[in-house]
Each structure stands twice: as C-alpha cells, then as structure tokens.
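# Geometric and topological summary
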Amino acid sequence: MKINRTVLALTAASLVGSGALARAQEDNKQDKQDRKAAKQEQQAAKHDQQADKQAQREQRQQQQQADQQARQAGREQRVQQQQANEQAAQQQRQADREQRVQQQQQAQDNARAQREAAREQQAQAAAQNQRAQQRAQAQAQADAQARTDAQARAQARTDAQARAQAQADAQARAERRDNRIEAQQQADQVTQAAQMRAARQARRSEQEQRTLIEQQRSALQNYQARLDQQQQVLARQAAVMRQNNRNAQYQFYQNYLARLQQQRAQASTYYNGYNYNNDPYYYTANSYRYNMGGQYYETNQYGANSLQQAVNYGYQEGFNAGQADRQDGWRNDYRSSYAYQDANYGYNGLYVNQSEYNYYFRQGFQRGYEDGYNQRYQYGTRGSNGLSILGTVLNSILQLQSLR
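Procedures and definitions
Residues numbered from 1 in each chain as written. Predicted model: local features only at pLDDT ≥ 70, side-chain atom pairs only at ≥ 80, totals over all residues. Heavy atoms only, no water. Helix = DSSP H or I, 4+ residues; strand = E, 2+ residues; numbered from the N terminus. Buried < 20%, exposed > 50% of the residue type's maximum accessible area, 1.4 Å probe, protein only. Contact = heavy atoms within 4.5 Å. Arc of directions from axis to C-beta. Pairing = 2+ DSSP bridges. Axes fitted to C-alpha atoms, helices over the stretch in contact; angles between N-to-C directions. Parallel < 35°, antiparallel > 145°, perpendicular 65-115°, else oblique. Left-handed = near helix turned anticlockwise from the far one by under 90°. Nonpolar A, V, L, I, M, F, W, Y, C, P; charged D, E, K, R; others polar. Salt bridge = Lys/Arg side-chain N within 4 Å of Asp/Glu carboxyl O. Expected span 1.5 Å × (residues − 1).

## Considering the overall build of the protein
- What the protein contains, in helices and strands, is nine helices and five strands.
- Going residue by residue from the N terminus, the α and β elements of the protein occur as α-α-α-α-α-β-β-α-α-α-β-β-α-β.
- The buried share of the protein, taken over its 404 residues, is 27%.
- Put simply, of all contacts in the protein between residues at least 6 apart along the chain, 72% involve residues at least 24 apart.

Below, the structure is given as structure tokens:
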C-alpha cells in the first residue's frame, strides 16, 4: 500500500509540474490563452481534484480491499494459527495422555512387580515358617512317639508281667479246679459203681418195666411232635435275630437249630424198633430221690445221669448264648433266649420226664449265661473236653439223696 501512495504522489506532482510549465509558457503569449489556460487549469485542477478524489476513492477502496484482504488474511492466519495451536494443543494433550497412561501403566507394572515380589517374599517366609513348624512338629511327634514307645514298652513289660502272673494264677486255679473236678469225678465214679452194683442187685418187677416202657413210647411220640414245632419256632426267631443284626446270636440260633435236628433223628431211632428190654434203666430199681418244686421224685442211676447231663448241657448252651449277647452289645437277659425257653437240647426222650429235664437244663443255662456274658468261670470251667459245670454247683442244684 505504501508503494501505491508513492506512485500516486509522484504522478500528481508530475501533473502539477506539467501544468505550471504550460501556464508559464502561455503567460508569454496571450492573455486569452492565459485565461483559457487558467480556465483549462481550473478545469484541469478540478479534473485533477476529481481525479485525485477518484484516485483517493480507488486508493481507499484498494486500501479497504487491501485492509479487508489483510484482515481476511489475518483472520485466516489467525484461524490457521488457532487451528495449528489447537492441533498442537490436542497433540500435546494426546501426548500428555499417552504419557500419563504410560506412566500409570509403568506405575501399575511397578506396583504389580512390587506386590509379586512381596507375595513371593511372603510365600518364601511362609514356606520357611511352615518348614520350621513341620520340623518342630516332626521333632515333637518324634519326641512324643519316643515317650509313647518308652511308655508302651514299660506298659508292655508291666502287662507281660501281669499276664504272666495272671496266667500263673489262672493255671494254678485251673489246676486246683481240675484236681477238685477229678477228685469229684473219681468219687462220683466210685459212688456210681457202688450204686450200679446195688442197682444190679435190685430189679424192677416185670409190671413196672412194662409200665415204664409204655410211658416211654408215649412220651417219645409227643416229644417228636414237640421237636417239629420247636424247629419251626426257632427258625422264625433266628430270622428275627438276623433282621435285628444280632449276628452272634443268629449264629448261636443256627447251631442250636442244627443240634435239635440231630436230636429229632436220634429220637426216631428210639421210637422205631428200640429194644427197651435190654436197656438197664427199665429194669433197674430206683436208687435216688430229689426235690423239684417242693415235690420229691425217685429215679435210678441212669435217670440221675440224665439230670446231671441236663444241667451240664444247660450250662454250655447258656455260656454260648451269654457270650453271643455280649458280642452283639445286647442286654443281659437269659430269659429271652429261645434256648432257655426251649430247654430241650441234649434230651433224647429217655429216662426222665421232659419237664424235669427242662427244669434242670434252665438251672444250668442261667449260670452258664451269667459266666458267658460276664466273661468269667464262676459256676463252671473249660477243660480239654470243653465247658462243664463245677461238681459242687451240680450237687447243689440236684441235691440227690441216696435211697440205699
């Protein structure tokens, strides 16, 4: 814009200079020409003024255009600069964000690494503590085991000494019992031999023999029917034992049932074709009496042997039944045992009435059950021939009195 104003000024000056020179020349000529020239000069001046105004207007327009262009350029420049600044600021913010994200990520990685290192240290410390505790526990267990072993060895020595002493005492008691039993048996054998000799000297009459034989046959017939019924009842009760998980008692019932079946087969031989006339019981006179339920009965040696057998068999079965109830954790109750209620094991239907056999069987069963349940031998003993009731207990139960 400064260049345009300079050109205009030089142009105007050039024009002014030219007009002045023309007027000077015309002054030397004519006044008309001067007036004309003056008029022309005025016109020219006016024209010049107009031209100047026009030039000024154009100049102003150009200046305005230039200013407008400059403003537009300034605005565009400012917009570009603002956009550039905003872009730079955005880039800077993006860079700052990325830097912050990187810093945060780095901080998180550092914190994670520190936590992992701390956890690893804690794990190592915990492992060391655990190993130390395990070593201490193992040492404590070893010490406790050593003390336990020492106590066990000491207790074992004490128990061994006690068992040895108990075995010695038991052996001594057993020997004393065996001696007493042997002496009693020898005495019984001597007594029985004397009684047998006396019995052979005394015989029943033929009428008494026939009466006893008829009674025996009738009793055997009834006894066989009773055995059939008892086997059915016992089989049902054995099933109840099985259902109640009384396994030991169930096995006892099974064994008892098997023995009853054997007895039935044996009773059949006595009923079918048995020669009673050759059996000494039926022609041997009575040589003993005994009291049962407040009433006295008489029998010979063979009948007395059957009663003794009833007590002995009762003791054996009672001992096994009591032992089975103890193994099953059952209460002490000998009366609930079917063997006690039946009381027929060992009875062959000969020599004594079934009710008498049952009575003495139950006497032995009660005492055997108490010994078996309580794991003792108060009323009996166990020898090479198995269980048997003590002779003193047997005599106190039967209380046989000799008739001779």
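There is more to say after this.
## So, helix α9 (residues 391–398)
- Buried within α9 are the following residues: G391, V393, L394, I397 and L398. For α9, the buried positions fall inside an angular range of 160° around the axis, keeping them on one side.
- Looking one or two residues beyond α9, the residue adopting positive phi is Q399, at roughly 50°.

## A short note on the pairing of strand β3 (residues 380–383)
- Where β3 and strand β4 (residues 386–389) come together, four bridges link them in antiparallel fashion. Bridged to R382 within β4 is L387.

## What about the packing of helix α8 (residues 354–374) against α9?
- Where α8 contacts α9, the two axes come as close as 11 Å, and the packing angle between them is 140°. By the criterion of interaxial angle, the relationship of α8 to α9 is oblique. You can see that α8 and α9 cross each other, and the crossing is right-handed. In this structure, α8 uses Y360, Q363 and R367 to contact α9, whose residues at the interface are V393, I397 and L398.
- Split into classes, the residues belonging to the contact of α8 with α9 amount to four nonpolar, one polar and one charged.

## Side note on the environment of D333
- Within the secondary structure, D333 is located in the loop between α6 (301–327) and α7 (338–342).
- When the C-alpha atoms of D333 and Q366 are compared, they prove to be 9.5 Å apart, with 33 residues separating the residues in sequence.

## A look at the sheet that holds strand β2 (residues 295–299)
- Spatially, three strands are ordered β2-β1-β5 in an open sheet, and the strand pairing comes out antiparallel. Every interior strand has two partners, whereas the edge strands, β2 and β5 (401–402), have only one.
- Of the pairings in the sheet, the one linking strand β1 (residues 288–292) to β2 comprises five bridges and is antiparallel in character. When the sheet's bridge partners are listed, Y290 is paired in β2 with Y297.
- Strand contacts of α8: β1 and β2, with the helix running at about 70° to β1, the strand carrying the most contacts.

## Some points on the pattern of salt bridges
- Evaluated as defined, the whole model comprises five salt bridges.
- In this structure, the salt-bridge partner of D109 is R112, at a minimum N-O distance of 2.9 Å. Here R112 and D109 lie together in helix α2 (residues 31–201), a separation of three residues that amounts to about one turn.
- Its relative accessible area of 35% is what places R112 among the partly exposed residues.
- A salt bridge links E317 to R259; the shortest N-O distance between them is 2.6 Å. Pair noted here: E317 is in helix α6 and R259 is in helix α4 (residues 247–271), with a separation of 58 residues, a long-range link.
- A relative accessible area of 3% means that E317 is categorised as buried.

## Brief notes about α8
- Look at α8: 30 Å from first C-alpha to last across 21 residues, which is about the 30 Å you get at 1.5 Å a residue.
- With 15 of 21 residues buried, α8 lies mostly within the body of the structure.

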